[in-house]
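# What the coordinates show
Residues per chain, in single letters:
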Amino acid sequence: MALEIIGAGFGRTGTYSLKAALERLGFGPCHHMSEVIGDSEQVRLWTAVTEGRPDYASIFTGFRSAVDFPVAAYWRDVLAATPGAKVILSDCDPEDWYGSFSQTILPLILDKASWPDDRRAWFEMIDKVVIGKALSGRTDRDGILSAYRANAAAARELAAEGGALVFRARDGWEPLCRFLGVEVPDEPYPKTNPRAEFFASVKSGIEETAG
């Protein structure tokens, strides 16, 4: 694999902005759930990961970086497969993150009665990735926050050893560029995909798959 950057931050921590930033800095294409939604082969490959049959080489073929779910749920496994990669934890206050996650990703997954039959494979995969793996099966507030904090703590431990960057979008370009060894662009750090746009992006991806 040519994967150089692995995102450890859960979805709704500024991962879409980070994707845009990494691609602007030359570390693209960047793998993100937005690619997985409309790609049946990615869904198949990630389903295999949830079943203990990972093929990360195939998943990340053509990508130089990866952020957001699904990779954030398996970042330590992916790092073991690509030990030279750098890890970035897109971070935010746990309570703020829960407020966003509980109004976007979580209800989308938990409302299984509304899953369309022809998109069930994608929904089943993200259920296993997010609930089953990232959150260790917990869907209650305390359990979700505990999983979030534990994931962040693991990345912070790696950062303390010099192997990762703990990054918040409000930090802007400078710490990200310093960590990656590239020049700071003369433009604002990307700001994309606010909460109101989340479901629109998911709907668009599903419609592309159906097409």
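Whatever comes next refers back to the structure up there.
Our subject in this report is the structure included herewith.

For the rest of this paragraph, the subject is the packing of helix α6 (residues 94-101) against helix α9 (residues 141-160). In contact at an axis separation of 10 Å, α6 and α9 are set at 120° when each is read in the N-to-C sense. If you check the angle between α6 and α9, you find them oblique. Once α6 is placed against α9, the crossing between them reads as right-handed. Contact residues: Pro94, Glu95, Trp97, Tyr98 and Phe101 in α6; Arg141, Ile144, Leu145, Tyr148 and Arg149 in α9. When the residues that make up the contact of α6 with α9 are grouped by side-chain class, the tally is seven nonpolar, no polar and three charged.

Below, the discussion takes up the sheet that holds strand β5 (residues 164-167). The parallel open sheet is built from five strands, whose spatial order is β2-β3-β1-β4-β5. Edge strands, defined here as strands with exactly one partner in the open sheet, are β2 (30-31) and β5. Across four bridges, the pairing between strand β4 (residues 86-90) and β5 is parallel. The residue bridging Leu89 from the neighbouring strand is Val166, located in β5. Across the face of the sheet, helix α1 (residues 15-24) comes into contact with β1 (5-7), β2, β3 (65-66), β4 and β5 while running at roughly 140° to β4.

What follows concerns unusual backbone geometry. Here the residue pair Gly28 and Pro29 is connected by a cis peptide bond, since its omega of 0° sits within 30 degrees of zero. Within the secondary structure layout, Pro29 lies in the loop between α1 and β2. Positive phi is not limited to glycine here, since Asp68 has a value of about 75°. Tracing the sequence through the fold places Asp68 in the loop between β3 and α5 (75-81). The exposure class assigned to Asp68 is buried, which follows from its relative accessible area of 7%. For Ser136, which is not glycine, the phi dihedral falls at a positive 55°. Residue classification places Ser136 among the exposed positions, given a relative accessible area of 60%.

Here Gln42 shows up in helix α3 (residues 40-50). The residues contacting Gln42, other than those within four sequence positions of it, are His31, Val36, Ile59 and Phe63.

With respect to the element layout, Lys19 can be found in helix α1. For Lys19, a relative accessible area of 6% corresponds to the buried category. Once residues lying within four places of it in the same chain are set aside, the contact partners of Lys19 are Cys30, His32, Ser34, Glu35 and Val67.

Membership of the largest hydrophobic core comes to 54 residues, with the highest contact counts inside it found for Trp46, Phe69 and Trp122. Listed in part, the 17 residues of the second largest apolar core include Phe27, Cys30, Trp173 and Leu180.

This paragraph deals with the pattern of salt bridges. A complete count under the given rule lists 14 salt bridges for this structure. A salt bridge links Asp118 to Arg119, with the nearest nitrogen and oxygen atoms 3.1 Å apart. A relative accessible area of 13% places Arg119 in the buried class. Three or more residues joined by partner-sharing salt bridges are found here, namely Lys19, Glu23 and Glu35.

Below, the discussion takes up helix α10 (residues 173-180). When you tally the buried positions in α10, you get six out of eight residues, the bulk of the element. Among all positions of α10, only Trp173, Pro175, Leu176, Cys177, Phe179 and Leu180 are buried. Elements that come into contact with the buried residues of α10 comprise β1, α1, β4 and β5. Of the residues trailing α10, Gly181 is marked for its positive phi of about 75°.

Conventions adopted
Residues numbered from 1 in each chain as written. Predicted model: local features only at pLDDT ≥ 70, side-chain atom pairs only at ≥ 80, totals over all residues. Heavy atoms only, no water. Axes fitted to C-alpha atoms, helices over the stretch in contact; angles between N-to-C directions. Helix = DSSP H or I, 4+ residues; strand = E, 2+ residues; numbered from the N terminus. Parallel < 35°, antiparallel > 145°, perpendicular 65-115°, else oblique. Left-handed = near helix turned anticlockwise from the far one by under 90°. Contact = heavy atoms within 4.5 Å. Nonpolar A, V, L, I, M, F, W, Y, C, P; charged D, E, K, R; others polar. Pairing = 2+ DSSP bridges. Buried < 20%, exposed > 50% of the residue type's maximum accessible area, 1.4 Å probe, protein only. Core = buried A, V, L, I, M, F, W, Y, C linked by side-chain atoms within 4.5 Å. Salt bridge = Lys/Arg side-chain N within 4 Å of Asp/Glu carboxyl O.

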